[in-house]
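The lines below spell out each chain.
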Amino acid sequence: MNNHELAKTLIDQISDTKLLYVIPYLQGAALTDETPNAKTFDTIAEIHSMIKNDTKERPDGAVSDNGDNKNHMQSFSGEKQLLVEKYGLKHENHAWYSEKENSHKHLIFKDAFFERADIIGLLFRINKLCMAKVNYFRRNIQKYEPLKYDYRKGFLAVPLWDAEFLRHRNSGWILDFRYLQTITVYDDFVSLCRELESFEPENFQAGKF
């Protein structure tokens, strides 16, 4: 196995998060065919040690914000902090990511969205619900009770940030966020909402499309 093959094999074994530290040095090495000097070799050795020990400080002295959620969250509301903690989101490069075992890391939202959005906007983004649903439930959230399910106690009333279901107060129907994800045609969602509104007193049907 030559050096290129060895390098490719090693890169395949490095997680996306750790590659963040390696890429700048690969880019620098690609700019020249000159033999690396002693400083370059020292840097490569430091990177290898950093990857092995999973440290968060980079060779250039910068500190990765991956895993530094607590410090970043101090300026935000308690509900936003609790929401991030519930879904185990990781803060990195001015954005929030979901990185679960046996799945690829994927972007949930950037800092700008996180800072300006309300809890419904964040909760629905995490659950991959479209803006039509965000806008409707934002206008009509008073008609719904946030719930989550406990296998011993059944459905429990919870704060909105902790919700996994929404119970329509007048009909008693319970909407699962996963079910709402399956509604991909706008007219189908409108039909569902109109059916729910048929249970409501006329003077309470204010949240129209």
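Since we're looking at a predicted model, the values are computed, not measured. (Residues numbered from 1 in each chain as written. Predicted model: local features only at pLDDT ≥ 70, side-chain atom pairs only at ≥ 80, totals over all residues. Heavy atoms only, no water.)

## Focus: the packing of aromatic side chains
Here is the rule we go by: A pair of aromatic rings is counted whenever rings of Phe, Tyr or Trp (Trp by its six-membered ring) have centres within 6.5 Å, and the orientation is called stacked for planes under 30 degrees apart, edge-to-face for over 60 and tilted otherwise. Strands are runs of DSSP state E lasting at least two residues, helices are runs of H or I lasting at least four, and both sets are numbered from the N terminus onward. Burial status follows relative accessibility: with a 1.4 Å probe on protein chains alone, a residue under 20% of its type maximum counts as buried, one over 50% as exposed, and anything between as partly exposed.
Within this structure, the stated rule accounts for twelve aromatic pairs. Measuring from centroid to centroid gives 5.3 Å for W96 and F114, while their planes differ by 40°, and the two rings are tilted. Note that W96 is positioned in strand β2 (residues 95–98) and F114 in helix α6 (residues 111–116), a separation of 18 residues in sequence. Both residues of the pair, W96 and F114, belong to the buried class. Judged by centre distance (5.6 Å) and plane angle (65°), the rings of F124 and F177 are edge-to-face. Pair noted here: F124 is in helix α7 (residues 119–126) and F177 is in helix α9 (residues 177–182), with a separation of 53 residues, a long-range link. Judged by its relative accessible area of 2%, F177 is buried.

## Focus: the sheet that holds β2
Counted only if it meets this: DSSP bridges decide pairing: two strands pair if at least two such bridges lie between them. All axes here are fitted lines through C-alpha atoms, helices being fitted over the stretch that makes contact, and every angle between N-to-C directions spans 0 to 180 degrees.
Strands sit in the order β1-β2-β3 across an open sheet of three strands; the sheet is antiparallel. The open sheet terminates on both sides in strands that have one partner only, identified here as β1 (90–92) and β3 (106–110). The average undirected angle you get between the axes of adjacent strands in this sheet is 40°.

## A look at the environment of N127
Test applied: Polar contact is defined as a pair of N or O atoms within 3.5 Å, subject to the rule that within protein one atom must be able to donate a hydrogen and the other to accept it, and that residues adjacent in sequence are counted only when both atoms are side-chain atoms.
Here N127 lies in the loop between α7 and α8 (131–140). A C-alpha to C-alpha distance of 7.6 Å links N127 and R178, two positions 51 residues apart in sequence. A polar contact of 2.9 Å, which involves the side chain of N127, links it to the backbone oxygen of L123.

## Points about the confidence of the model for the chain
What counts is decided by this rule: For every residue, the predictor reports its confidence as pLDDT, a number between 0 and 100.
Counting all residues, the mean pLDDT for the chain is 80, and 67% of those residues have values of 70 or more. At the low end of the mean pLDDT range in the chain sits helix α4 (residues 69–73), at 56; at the high end sits strand β6 (residues 165–168), at 98.

## Quick notes on the packing of helix α5 (residues 78–87) against α7
Put simply, the rule is: Just so you know how the angles are binned, under 35 degrees is roughly parallel, over 145 roughly antiparallel, 65 to 115 roughly perpendicular, and the rest oblique. The contact criterion used throughout is that any non-hydrogen atoms of two residues lie within 4.5 Å. Residue polarity is assigned by list, with Asp, Glu, Lys and Arg as charged and Ala, Val, Leu, Ile, Met, Phe, Trp, Tyr, Cys and Pro as nonpolar; anything else, Gly included, falls into the polar class.
Their axes nearest at 11 Å, the elements α5 and α7 cross at an angle of 10°. The orientation of α5 with respect to α7, classified from their angle, is roughly parallel. In this structure, α5 contributes E79, K80, L83 and Y87 to the contact, and α7 contributes I119, L122, L123 and I126. For the contact of α5 with α7, the residue count by class is six nonpolar, no polar and two charged.

## Quick look at α8
Buried within α8 we find K133, V134, Y136, F137 and N140. Lining the buried residues of α8 we find α7, β4 (144–150), β6, β7 (174–176), α9 and α10 (186–197).

## A word on the layout of surface pockets
Where empty space is left in the structure can be found by rolling a water-sized probe over the atoms. So the rule is basically this: Two kinds of site are reported from a 1 Å grid over the protein atoms alone, namely cavities, where a 1.4 Å probe fits but cannot get out, and pockets, open sets with protein on both sides within 12 Å along at least five of seven lines, and residues are called lining when an atom falls within 4 Å of a point. Grid points are joined across faces, edges and corners, and a volume is the space filled by probe spheres set on the points.
Of the pockets and cavities examined, the second largest pocket occupies roughly 350 Å³. Forming the walls of the second largest pocket are 15 residues, and the residues nearest its centre are Y87, K100, I126, N127 and Q181. Counting residues per element, the lining of the second largest pocket draws most heavily on α9, which supplies three residues. Of the residues in the lining of the second largest pocket, the class split is six nonpolar, four polar and five charged.

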